[in-house]
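# Analysis of the macromolecular model
Each chain, written out:
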Amino acid sequence: MNALRVVAVASSEETRLSLYNQLQALDFVEFNGVYIELSDAVRECQEVGPDVILVDTTGRELDAGLFIQAIGMNPETPCVIFAMHREMDITVFKETIRQGAKEFIQYPEDKESLELALKKHFNYMSRMSSRHHKTAAHNPAGEVAANGKIIACFASKGGVGCSTIAVNLAHELHVLKNLSVVFVDLDQVFCNSAIMLNHKPSYSLGDIADSDPKDVDESLLNKIIIKHESGLHIVVGSKSVLDDNEMISAELLEKAMDYLATKYDYVIVDLPTHVLDPYHQYMVERADELLLVSSPDIPSLYRTRQYLDLAQKYLDMRKVKMVLNRYNLKAAYRMSNQDVEEEFRYEIYARIPNDWELNVEANSFGSALSKVNPKSETVKALQKMTLQLAGEEAEAADSDKKAPANNGLLSKLFSSKNAAS
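Computed from a prediction, not measured in an experiment: that's the story for all the values here.

Among the secondary structure elements, Ser295 is positioned in the loop between strand 12 (289-294) and helix 11 (298-311). Take Ser295: its relative accessible area is 4%, and that puts it in the buried class. For Ser295, the side chain forms a polar contact with the side chain of Asp297, separated by 2.4 Å. A distance of 3.2 Å separates polar atoms of two side chains, one belonging to Ser295 and the other to Ser300. Ignoring sequence-local partners within four residues, the contact set of Ser295 consists of Val160, Ser300, Leu301, Leu324 and Asn325.

Structure follows, in structure tokens:
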């Protein structure tokens, strides 16, 4: 990708000049000018097909909001929108994000944030373009590259059992399907897999964090892969919370994931709960499937609903699969779990029942759940989900689509104009 195509619209002559001068100084940006009228920006978008649209909403929040919504809903304009405003007003911020903006920048006061946001998106677009060209070069007839499948597991709230599901999914894929599987614990501070699989990592991604990407080759990457006694291979973000390693760069992470995807049938990634982490955005966009794990308690469902509303702005939601863990625990006062799920308004891909004693025993031994009690209902549900993800069942389990319940008890929490139904 040679340049980032930008269409910009300002609300005042002062902001227009400031924005024009800043964009002109960025060698990775291509633009034809900065407009004042929203109608002029619409025509420019139709002619140029921009990668990014900058919208100054100051003093015309309603009209600019309608403009953002219209652009975001147009499938012929696959771009991102950065909203700008002279004041860092939380109400304006929340509204523009809800309407479809990916970034909110106080402008012209915070010019540095605008440059960083544009550079970040340019780097992302460049990586996607490079990957597309590599795939085309290796597949001139348009065939799908013979890479392993990447499944990312994430929970917007800690403590819902996401790591447990990720570890056991990796184990069941290896055992049930006899596939080569690597489990990646991407938390670069804590190492959950050390406890859950009873291993002590000698190397981590952090150990190559200060390496020049050009020097990172197959032999160095193989050094950080741990061969577990279960047959799983493991890569960890850090060995210990006391590690003083640098955080791995996005470029190095991409190189590591490229290598793992060619070496294994499946790459299972356990993501930490840091939504704003740049690694999070890279991984959820890169992954073939994203398992979004929640439990039926109201705080978990509420934060999951918020994440879904955010994800719809930049992800292909067909790859987002919601997993309801401990689904048989009581969810809310005076409501059945079915009522809570209906009010939540998102299709449930898999339901995993609670078995606290089994989890305690498995963690105590550092073992997969199925090795402790293969007949457990929890294990059966995990194995069913594993086979679904491996393509052995045509339809997701228990994915009945029902109309939202109308009891109103949770409507203020879960209602959203962007809610999936």
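Another point: the pattern of salt bridges. Scanning the entire structure with this criterion turns up eight salt bridges. The shortest N-O distance in the salt bridge between Glu14 and Arg86 comes to 3.6 Å. Here Glu14 is found in helix 1 (residues 13-24), whereas its partner Arg86 is found in the loop between strand 5 (80-85) and helix 4 (90-99), with 72 residues between them in sequence. The partly exposed category is assigned to Arg86, whose relative accessible area is 30%. One continuous salt-bridge network, built from bridges that share partners, spans Lys149, Glu289 and Lys321.

What follows covers the sheet that holds strand 7 (residues 149-154). Across the sheet, which stays open at both edges, the eight strands sit in the order 9-10-8-11-7-12-13-14 with mixed pairing between neighbours. Looking at which strands have only one partner, the edges of the open sheet turn out to be strand 9 (226-227) and strand 14 (348-352). In this sheet, strand 14 lies alongside strand 13 (residues 320-325) in parallel orientation, the contact comprising four bridges. Its bridge partner being in strand 14, Asn325 is matched across the sheet by Ile352.

At a closest axis distance of 9 Å, the pairing of helix 6 (residues 162-177) and helix 15 (residues 377-389) adopts a crossing angle of 70°. Judged on the interaxial angle alone, helix 15 and helix 6 are roughly perpendicular. For the element pair helix 6 and helix 15, the recorded crossing hand is right-handed. Here helix 6 contributes Ile165, Asn168, Leu169, Glu172, Leu173, Leu176 and Lys177 to the contact with helix 15, which in turn contributes Leu382, Gln383, Met385, Thr386, Leu387 and Leu389. Of the residues in the contact of helix 6 with helix 15, the class split is eight nonpolar, three polar and two charged.

Considering all chains together, one arrives at four aromatic pairs under this definition. With a centroid separation of 5.4 Å and 35° between ring planes, the pair formed by Phe28 and Phe122 is classed as tilted. Here Phe28 is found in the loop between helix 1 and strand 2 (29-30), whereas its partner Phe122 is found in helix 5 (residues 111-138), with 94 residues between them in sequence. Plain terms: the ring middles of Phe93 and Phe104 are 5.5 Å apart, the flat faces sit at 80° to each other, and that makes the pair edge-to-face. Remark: Phe104 occurs in strand 6 (residues 103-106) and Phe93 occurs in helix 4; sequence separation between them is 11 residues. Classification of Phe93 by relative accessible area gives partly exposed; the value is 31%. The aromatic ring of Phe28 is capped on one face by Lys119, whose charged end is 4.7 Å from the ring centroid. The cationic tip of Lys321 hangs over the ring face of Tyr349; the distance from NZ or CZ to the ring centre is 5.5 Å.

To continue, consider a negative patch on the surface. Taken together, the side chains of Asp212, Asp215, Asp217, Glu218 and Glu251 make up a negatively charged region of the molecular surface. Here Asp212 lies in the loop between helix 7 (192-196) and helix 8 (218-223). Classification of Asp212 by relative accessible area gives partly exposed; the value is 39%.

With that out of the way, let us pick up the pairing of strand 6. Pairing of strand 5 with strand 6 involves four bridges; the strand directions are parallel. Counted as the bridge partner of His85 is Gln106 from strand 6. Where the polypeptide runs from strand 5 across helix 4 and back to strand 6, its parallel neighbour, the crossover connection is right-handed.

Counting across every chain of the model gives zero disulfides. Unpaired in terms of disulfides, Cys45 finds its nearest cysteine sulfur in Cys79, a separation of 6.1 Å. The exposure class assigned to Cys45 is buried, which follows from its relative accessible area of 6%. Classification of Cys79 by relative accessible area gives buried; the value is 18%.

All right, on to the nonpolar core then. With 44 residues, the main nonpolar core has Met257, Leu260, Val269 and Met283 as its most contacted residues. Secondary structure elements with two or more residues in this core: strand 7, strand 8 (181-185), helix 9 (250-263), strand 11 (266-270), helix 10 (278-286), strand 12, helix 11 and strand 13. Leaving out residues up to four positions away in the same chain, Val269 has contacts with Ile150, Ile151, Ala152, Cys153, Val184, Leu186, Met257 and Met283. Listed in part, the 38 residues of the second largest apolar core include Leu169, Leu173, Ile268 and Val293.

Moving on: the confidence of the model for the protein. Confidence in the prediction for the protein averages 80 pLDDT; 81% of positions are at 70 or higher. Summarising per-element confidence for the protein, the mean pLDDT is lowest in helix 16 (residues 411-414) (52) and highest in helix 1 (95). Across residues 394-410, where pLDDT falls below 50, the model places 33 contacts with residues more than four positions away in sequence or in other chains. Contacts from residues 416-421, a stretch scored under 50 in pLDDT, to residues over four places away or in other chains number 17 contacts.

Each value, and the rule that gives it
- Residues numbered from 1 in each chain as written.
- Predicted model: local features only at pLDDT ≥ 70, side-chain atom pairs only at ≥ 80, totals over all residues.
- Heavy atoms only, no water.
- Helix = DSSP H or I, 4+ residues; strand = E, 2+ residues; numbered from the N terminus.
- Buried < 20%, exposed > 50% of the residue type's maximum accessible area, 1.4 Å probe, protein only.
- Polar contact = N/O pair within 3.5 Å; in protein donor to acceptor, adjacent residues only side chain to side chain.
- Contact = heavy atoms within 4.5 Å.
- Salt bridge = Lys/Arg side-chain N within 4 Å of Asp/Glu carboxyl O.
- Pairing = 2+ DSSP bridges.
- Axes fitted to C-alpha atoms, helices over the stretch in contact; angles between N-to-C directions.
- Parallel < 35°, antiparallel > 145°, perpendicular 65-115°, else oblique.
- Left-handed = near helix turned anticlockwise from the far one by under 90°.
- Nonpolar A, V, L, I, M, F, W, Y, C, P; charged D, E, K, R; others polar.
- Phe/Tyr/Trp six-rings, centres within 6.5 Å; stacked < 30°, edge-to-face > 60°.
- Lys NZ or Arg CZ within 6 Å of the ring centre and 35° of its normal.
- Patch = residues over 30% accessible without salt bridge, like charges linked within 9 Å, V, L, I, M, F, W, Y side chains within 5 Å.
- Areas by Shrake-Rupley, 256 points an atom, 1.4 Å probe, with all protein chains shown as cover.
- Lys, Arg positive; Asp, Glu negative; His and termini not counted.
- Charge placed at Lys NZ, Arg CZ, Asp CG, Glu CD.
- Right-handed = clockwise from strand over helix to strand, strands pointing away.
- Disulfide = S-S within 2.5 Å.
- Core = buried A, V, L, I, M, F, W, Y, C linked by side-chain atoms within 4.5 Å.
- pLDDT = per-residue confidence, 0-100.

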